[in-house]
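Given next are the chains, with one letter for each unit.
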Amino acid sequence: MSDQVQELLNVPREFLREGMQFVNRSQKPDKREFIKISQAVGTGFLIMGFIGYIVKLIHIPVNNVLVGGA
């Protein structure tokens with residue numbers, strides 16, 4: 001029983017230890033890498049916004065036809 005409790009207590013300790021190792025090894029992106037990531041995210045936002053706009057543009061007339069042109 002004591003071994004099970006000890007093993008259960010070791011799980012969070014191990015998780016914290018591995019998490020600290022990860023944080024210590026990671027580094028901030030340099031300016032060039034940050035700009036590339038920002039451009040990729042911005043492009044994703046634009047593409048998703050465009051897709052949403054097109055879907056809404058198609059949905060409104062179709063919905064009016066189905067509902068009865070209220």
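Residues numbered from 1 in each chain as written. Predicted model: local features only at pLDDT ≥ 70, side-chain atom pairs only at ≥ 80, totals over all residues. Heavy atoms only, no water.

Asks: Just give me the short version of the overall build of the chain, but keep the residues and values in it.
Replies: From N to C terminus, the chain includes two helices and zero strands. Scaling as 2.2 N^0.38, a compact globule of 70 residues should have a C-alpha radius of gyration of about 11 Å, whereas the chain reaches 26 Å, well beyond that. On the principal axes, the C-alpha backbone points of the chain span a range of 70 × 45 × 10 Å. Across the 70 residues that make up the chain, the buried fraction comes to 0%. Of the roughly 7000 Å² that the chain leaves accessible, carbon and sulfur atoms contribute 67%. Side chains of the chain carry 8 positive and 6 negative charges; the gap between the two charge centres is 16 Å. (Helix = DSSP H or I, 4+ residues; strand = E, 2+ residues; numbered from the N terminus. Rg over C-alpha atoms; globule rule 2.2 N^0.38 Å. Buried < 20%, exposed > 50% of the residue type's maximum accessible area, 1.4 Å probe, protein only. Areas by Shrake-Rupley, 256 points an atom, 1.4 Å probe, with all protein chains shown as cover. Lys, Arg positive; Asp, Glu negative; His and termini not counted. Charge placed at Lys NZ, Arg CZ, Asp CG, Glu CD.)

Asks: Before we move on, could you go through helix α2 (residues 31–67) and cite the residues and values that matter?
Replies: With 37 residues, α2 should reach 54 Å at 1.5 Å per residue; the first-to-last C-alpha distance of 52 Å fits that figure. Once α2 finishes, Gly-68 follows within two positions and takes phi at roughly 120 degrees, a positive value. (Expected span 1.5 Å × (residues − 1).)

Asks: Describe in detail the UniProt feature "transmembrane region" (unreviewed entry) in the chain, supporting the description with residues and values.
Replies: The positions UniProt marks with the feature "transmembrane region" (unreviewed entry) are residues 34–55. Overall, residues 34–55 shows 100% helix and 0% strand. The separation of its end C-alpha atoms is 31 Å. (UniProt positions renumbered as here; feature names shortened; annotations may be inferred.)

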